[in-house]
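Structural overview for review
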Amino acid sequence: MTDHLNEDDLVLHYYGELDGAESARARQHLGTCAECRHAHAKLQRVLAAVDTMPEPVLPDGYERTVWARLQPQLDSPAGWRAWLSFSPARLAWVAAVLVLVGGAFFAGRMTQTRNAATQIASADQVREQVLLAALGEHLERSQTMLIDLVTADGDGMVDVSTERERATDLVAANRLYRQSAAASGEAGVIELLDQLEELLVELAASPDKLSSEELDSVRKRIDSNGLLFKVRVLSSTVRERQKQQIRTRTGQSS
Amino acid sequence: MPQTDAAAVALARDGDSEAFHDLVERHSRAVYRLAYRMTGTPQDAEDVVQETFLRAYKQLGRFESRANFGTWVHRIAVNCSIDLIRSRPRREAALDLPDLEQFSATSERTDTSGATPERLMLSTEVQERISSAMTGLSAMERAAFMLRHFEGHSIEEISQSLGLKTNATKHSIFRAVRKMRVALEPFVADA
């Protein structure tokens, strides 16, 4: 018999992944070929054994640990942090002020005496740190919005009005951060913020409800250029730079 | 404590964090088990658990009350696991375990054909072999195989989720099954 089922055919047959004609051929062949039937039975036993895969052992009170880590992230932000994080438009305003202040610092630095150099360096560090914090916040908000979009589900029309509003707010902030990045020549950041802006603008202009096909198309765009991953990576890099700044400042002041 | 998930979800939607706490208490173990199967490491599984409940909390407004919360959170966990796997730099070659021959050699040494299959199936040794074979899967092989074998997703769905071409998904599953077969066949050879 020349038409034996190979290993891959058997796997596809086991999982019901052969199409109608192929499936019928496989069934027919298994009915007449003892060798393939034996191979198929062996595969079935192997995969049944896989079902006995041991479960990971979790300690008593595991749920408490999960909750302890989770709860702080669920609390609504308070105080000045809430004011900052409440609206990306506010963040954009803060960023604009910081850019202006940064410019003033830069202009001031050119006219300072040599003795003031240390103070200016310190002021620059503070400014960068605040900018990093604002950019980090912006990236996290963008990331959350993208995740919500990617995981949004529903049949027929999907309501994306919340994401649309958030995108509208994020566009303005994104442009300012892009300008700041351009001013400091951060090519990688510029590229990412450009990609992000393109998507934010498109979302901001979209209707409140998208068909599942339209939503899939948006998801594919996010997937195809790895936008979510890039935002995550940059967000993590920004946080790392913040930490580094804090360590440097702590080292200087001690 | 609300008696049902539906009641807890209703309260959590109104801002009752204790109600959401109850949902975490009820479902975090199952989410961890799924995440561990998908990702293969305790640290990644832990991250997936956190991300899953965070997303669930943020999307509670979208949860349809007639749906099953466990199923819903399970689906979020699958998505989170996929996101995490996809966010990793591709290290297929480095993680890939082509040492099928090594598996074979070890399997031959531990041939236990004298025992009944039923007893062997439950034996610690079989479970150790499964764990060992699982660690030999690359991240993509593992994810594709888990989604196909345990979650019942079609190859087409898996391809879309993992951003792979259909043939690449099939190839990942074939390799995973082959590794399982080489590792486990000596234990199940003659039923």
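Reference entry: report on the structure contained in this document. (Residues numbered from 1 in each chain as written. Chains lettered and ligands numbered in written order. Predicted model: local features only at pLDDT ≥ 70, side-chain atom pairs only at ≥ 80, totals over all residues. Heavy atoms only, no water.)

What follows concerns the nonpolar core. Counting 77 residues, the largest nonpolar core has B:Phe20, B:Met134, B:Phe145 and B:Leu162 as the members making the most contacts within it. Setting aside chain neighbours within four positions, we find B:Met134 in contact with A:Val50, A:Met53, B:Arg142, B:Phe145, B:Met146 and B:Met180. Residues A:Val171, A:Leu193, A:Leu203 and A:Leu227 belong to the second largest nonpolar core, which totals 35 residues. (Core = buried A, V, L, I, M, F, W, Y, C linked by side-chain atoms within 4.5 Å. Buried < 20%, exposed > 50% of the residue type's maximum accessible area, 1.4 Å probe, protein only. Contact = heavy atoms within 4.5 Å.)

All names here are of chain B. Along its 23 residues, helix H2 (residues 17-39) runs just 29 Å from first to last C-alpha, ending more than 12% under the 33 Å computed at 1.5 Å per residue. At His27, H2 is bent by approximately 50 degrees, the largest bend along its length. N-cap assignment for H2: the residue whose side-chain oxygen lies 3.0 Å from the backbone N of Glu18 is Asp16. Looking one or two residues past H2, Gly40 carries a phi angle of roughly 85 degrees, positive in sign. (Helix = DSSP H or I, 4+ residues; strand = E, 2+ residues; numbered from the N terminus. Expected span 1.5 Å × (residues − 1). Bend = angle between axes of the 7 residues up to and from the residue. Polar contact = N/O pair within 3.5 Å; in protein donor to acceptor, adjacent residues only side chain to side chain.)

By convention, interface size is frequently given as the accessible area that disappears when the constituent parts associate. With 57 residues of chain B at the interface, the matching set in chain A holds 45 residues. Roughly 5000 Å² of surface becomes buried between chain B and chain A when both sides are summed, with 60% attributable to carbon and sulfur atoms. Among the residues chain B hides against chain A, the three largest losses belong to B:Arg29, B:Gln50 and B:Arg62. Together they make up 14% of the total. Between the two partners, chain B and chain A, sit ten salt bridges. One salt bridge in this structure joins B:Arg178 and A:Glu7, with 3.4 Å as the shortest N-O distance. The tally of links between chain B and chain A comes to 21 residue pairs in polar contact (both at pLDDT 80 or more). Looking at the side of chain B that touches chain A, the elements with two or more residues in it are H2, helix H3 (42-58), helix H4 (69-87), helix H8 (124-135), helix H9 (139-149) and helix H11 (166-188) of chain B. It is H2(B) that contributes the most residues to the side of chain B that touches chain A, eleven residues altogether. (Buried area = accessible area lost by both parts, 1.4 Å probe. Salt bridge = Lys/Arg side-chain N within 4 Å of Asp/Glu carboxyl O.)

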